[in-house]
Amino acid sequence: MTSDPRSLRVPARSRSLFNSIKFFVFCHSLLQLAQLLVSGYMKSSISTIERRYGLSSQKSGLLASFNEVGNTILIIFVSFFGSRVHRPRYIGAGALLACLASLLMGVTHFMSEPYHYTKTSNEKSANLCQSESSVTTSSYNQTCLKQETPAQQGIYPMLLLGQLLLGVGAVPIQPFGISYIDDYASKRNSPLYLGILLAMTSIGPAFGFITGALMLRFYVDFDKVPKEEIELDTKDLRWVGAWWLGFLVASCLLFLTALPYLFFPRNMPKEVSQLPCDILSIFVQEDPEDIDPEPESKEQQQQTDTRQEPTLIQFLKSFPKIALRTLRNPIYLLVVLALVNLSALLSGLATFMAKFIEKQFSQSASFSTMMIGGVGIPMAVLGTVLGGALMRRFNLSVNGASKLCTIAILLCILTALPMLFLGCPTQNIAGVSNNSYDLLQCSSNCHCSEEAFNPVCGSDGMEFRSPCHAGCQSVETDNFSKVKYTECRCVGGLSFALPRSCGSGCEHLLLPFVILLGLTAFIAAFSQTPSCMMILREVPPEDKSFAVGVQYMLFRVLAFMPGPVLYGSVIDTTCILWGKKCGKQTSCQYYNLERFRSRFLGLQVVFVCGGLLCYLLTIVVLRKRDRYQESDYQMVNQKISENGKEKELIT
């Protein structure tokens, strides 16, 4: 008989590709990328959805955080079911549910009436100062009746439902995927596989923001309105991008990445440590001789697992006890509270920082979103990686990790404080700014609509809500189809106005602000890896997985759910002019930029200071514990020496 090793590889080629843990890691990386792309895309489009459907920032913040509701309720049971279920199929089912949720949010666009705004060229006389009102009551009532249909009123609940289903679908994806990889990957390759998945958790939202920046350049109703009838550009305050398009794309990606999980087995052969770990080896199956032999049959292994694993009732009964025991650890509690502060900061900034850049520096929504996805998130990823590298390079203990976190957050405060002073005052708006209320008297006989919003910038630098509010009586169009309103009663100087916002005049401060923002994200991310290591080293081995689950549950309950709502409520307090449609309040049209900047970024500083306080307390607690341990050690040594002296005297 020949013992050629090549003959042993034939059965390996006949085995399915789905028996390879490397192929599972490859598929799971793509799935996490698609799933987190949806989450990042929602946050990148939140200000556009707010403008499209007339939502307040508080409502849009609730929408952004609503996916955490279903996730928080069900995440507890994931730690119980663990390997009891067919994990790949549950991951696939969760991905398909997330696909349905993304599709549901995108479909709401087709249920909506076309986007209505105060137009510039069509019905020009309706925008100008006239002695009699040109808006007919019948057309006004017809428009309002369309806005009050059941389909229109059900759009916001449908978006909430989509976010809820998205959170439920995401529950099994990461926990089951990590545990499945940890069970069947070799000890040598397992850290690399998990590192790839953690990288995808950061790259996914970045891709979501970049996708949002691309999609928001298209007009929201490009599928309903001919191109020649679209009068707005991306810099117009009335512009609404195609927010819904990214959800349809993400839904297709989720569907494609969910299909392979229907073919992965419940159990697969254990990977061995000697296998090379490169990309090409994903599609190369393991040799049968390299697979560790199973000491027991599958039936015997399942019987032993069922004996050792507690029932659901026992798990629910033991949950409060283990949670209290874990939270009584002062280091664990302080580090988790520090991370809760930083997570609340992250949730608010990820949701509304693009809106802040858009309003504060007079930028388009797509450009502002690109700044978050192209600068903020990559710098945070780099900081996280370097924080872990420092931990490994200097082999830091828990004391060293707490000092590193404290220094990082202290430097974060130093880079965040200057951002409070990078900004400009609110532009002069007639009827809104101080000492400008008299300007509206000149247009009191123009019968201007209270709901008109077509901002124009006067030749004297004063901004008006519409040409009618500026008292403009005629309009001119040049050879390049550029509109210019003339004979404006309320405009000083040359008495003309251009159809655009005057802006804040802060465009020159955008570059230093983005640099400080990226630097702050980079430094703050240094604390992520050391904090996780502190948690894992301070918790008993039998409680590690449970402690991590409690940690993420607290993140959702105390940070990710209330964070965007809190930030949105703070932003609403800075609004100085709310929009109106059909007699109802809609989204904010103008903000007090100084209040917006001080309250929005001031809340950021508050959360950073909260994290700094928790890390300082960890240093204090660790020092006290070290002193007690030293005193106990000295007492033990003293007793040993005394016992030794007594023995010498006796002898």
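Scoring rules and cut-offs
- Residues numbered from 1 in each chain as written.
- Predicted model: local features only at pLDDT ≥ 70, side-chain atom pairs only at ≥ 80, totals over all residues.
- Heavy atoms only, no water.
- Helix = DSSP H or I, 4+ residues; strand = E, 2+ residues; numbered from the N terminus.
- Buried < 20%, exposed > 50% of the residue type's maximum accessible area, 1.4 Å probe, protein only.
- Contact = heavy atoms within 4.5 Å.
- Areas by Shrake-Rupley, 256 points an atom, 1.4 Å probe, with all protein chains shown as cover.
- Pairing = 2+ DSSP bridges.
- Salt bridge = Lys/Arg side-chain N within 4 Å of Asp/Glu carboxyl O.
- Core = buried A, V, L, I, M, F, W, Y, C linked by side-chain atoms within 4.5 Å.
- Disulfide = S-S within 2.5 Å.
- Axes fitted to C-alpha atoms, helices over the stretch in contact; angles between N-to-C directions.
- Left-handed = near helix turned anticlockwise from the far one by under 90°.
- Nonpolar A, V, L, I, M, F, W, Y, C, P; charged D, E, K, R; others polar.
- Phe/Tyr/Trp six-rings, centres within 6.5 Å; stacked < 30°, edge-to-face > 60°.
- pLDDT = per-residue confidence, 0-100.
- Expected span 1.5 Å × (residues − 1).
- Bend = angle between axes of the 7 residues up to and from the residue.

Draft legend 1. Geometry of the overall build of the protein chain. Of the regular secondary structure elements, the protein chain holds 23 helices and seven strands. Burial statistics for the protein chain: of 651 residues in total, 49% are counted as buried. Excluding contacts between residues fewer than 6 apart, the proportion of contacts in the protein chain whose partners are at least 24 apart in sequence is 81%. Total accessible area on the protein chain is roughly 31,900 Å²; 61% of this is exposed by carbon and sulfur atoms.

Draft legend 2. Quick peek at the environment of isoleucine 196. Here isoleucine 196 shows up in helix H12 (residues 190–215). For the pair isoleucine 196 and valine 25, spaced 171 residues apart in the sequence, the C-alpha separation amounts to 8.3 Å.

Draft legend 3. Region of interest: the pairing of strand S7 (residues 584–591). Summarising burial for S7: six of the eight residues are buried, a large majority. With five bridges joining them, strand S6 (residues 575–581) and S7 adopt antiparallel strand pairing. Looking at the pairing, cysteine 575 lines up with tyrosine 591 of S7. Between S6 and S7, which pair antiparallel one after the other, the connecting turn spans two residues, and cysteine 582 there sits at a positive phi close to 55 degrees.

Draft legend 4. Region of interest: the pattern of salt bridges. The final tally for this structure, using the stated rule, is six salt bridges. In this structure, arginine 238 and aspartate 236 form a salt bridge, with 3.0 Å as the shortest nitrogen-oxygen distance. We note that arginine 238, like aspartate 236, is buried.

Draft legend 5. Highlighting the nonpolar core. Met353, Phe356, Ile357, Phe361, Phe513, Tyr567 and Phe600 are the most contacted members of the largest nonpolar core, which has 76 residues in total. Top element by residues in this core is helix H16 (residues 330–360). It accounts for 16 residues. Once residues within four sequence positions are removed from consideration, isoleucine 357 is found in contact with Ser362, Gln363, Ser368, Met371, Ile372, Leu510 and Phe513. Formed by 59 residues, the second largest nonpolar core is a distinct cluster that contains Val38, Cys99, Val220 and Met268.

Draft legend 6. The arrangement of the state of the cysteines in detail. Within this structure, the stated rule accounts for seven disulfides. A disulfide bridge connects cysteine 448 with cysteine 468, and the sulfur atoms are separated by 2.0 Å. Here cysteine 448 and cysteine 468 share a disulfide; its torsion about the S-S bond, -90 degrees, makes the bridge left-handed. With a gap of 20 residues between them, cysteine 448 in the loop between helix H18 (398–416) and strand S1 (456–458) and cysteine 468 in the loop between strand S2 (463–464) and strand S3 (472–477) connect regions that are remote in the sequence. Each disulfide pairs two cysteine sulfurs, and for cysteine 472 the partner residue is cysteine 488, the sulfurs being separated by 2.0 Å. Linking cysteine 472 and cysteine 488, the disulfide has an S-S dihedral of approximately 100 degrees and is accordingly described as right-handed. With cysteine 472 in strand S3 and cysteine 488 in strand S4 (residues 483–488), the pair connects residues that are 16 residues apart, well separated along the chain.

Draft legend 7. Just unusual backbone geometry, in detail. Even without being a glycine, asparagine 395 presents a positive backbone phi close to 50 degrees. With respect to the secondary-structure elements, asparagine 395 resides in the loop between helix H17 (365–394) and H18. For asparagine 395, a relative accessible area of 64% puts it in the exposed group. With a phi angle near 55 degrees, glutamate 487 is a residue other than glycine that sits in the positive phi range.

Draft legend 8. Quick peek at the packing of H17 against helix H19 (residues 510–524). Packing of H17 against H19 brings their axes to within 7 Å, and their N-to-C directions diverge by 30 degrees. For the crossing formed where H17 meets H19, the hand is right-handed. Facing H17, whose interface residues are Phe367, Met371, Ile372, Val375, Gly376, Met379, Ala380, Leu382, Gly383 and Leu386, H19 presents Leu510, Val514, Leu517, Gly518, Ala521 and Phe522. Tallied by class, residues from the contact of H17 with H19 come to 13 nonpolar, three polar and no charged.

Draft legend 9. Representation of the environment of proline 455 within the structure. Turning to its location among the elements, proline 455 is positioned in the loop between H18 and S1. Through-space distance from the C-alpha of proline 455 to that of alanine 470 is 9.7 Å; in sequence the pair is 15 residues apart.

Draft legend 10. Examining the packing of aromatic side chains more closely. Inspection of the entire model under this criterion finds 30 aromatic pairs. Taking the centre distance of 5.0 Å and the plane angle of 90 degrees together, the rings of tyrosine 41 and phenylalanine 247 count as edge-to-face. You can see tyrosine 41 sitting in helix H3 (residues 21–53) and its partner phenylalanine 247 sitting in helix H13 (residues 245–258), a full 206 residues away along the chain. In this structure, tyrosine 41 and phenylalanine 247 share a single accessibility class: buried. Among the aromatic residues, those joined into a cluster by ring pairs are Phe18, Phe23, Phe24, Phe26, Tyr180, Tyr184, Tyr261, Phe263 and Phe264.

Draft legend 11. Highlighting the confidence of the model for the protein chain. Per-residue pLDDT for the protein chain has a mean of 81; in total, 81% of the residues score no lower than 70. Per-element mean pLDDT across the protein chain ranges from 41 in helix H2 (residues 10–14) up to 94 in H13. In this model, residues 1–14 is a region of pLDDT below 50 whose contacts with residues beyond four sequence positions or in other chains number eight contacts. Low pLDDT, under 50, characterises residues 274–307; the stretch is placed with 49 contacts to residues that sit more than four places away or in other chains.

Draft legend 12. Seen up close, H3. Its 33 residues give H3 an end-to-end C-alpha distance of 45 Å, which sits within 8% of 48 Å, the value for a rise of 1.5 Å per residue. In the structure, H3 departs most strongly from a straight axis at serine 45, where the bend amounts to approximately 50 degrees. Buried residues dominate H3, accounting for 30 of its 33 residues. A positive backbone phi angle near 65 degrees is found at glycine 54, which sits one or two residues after H3.

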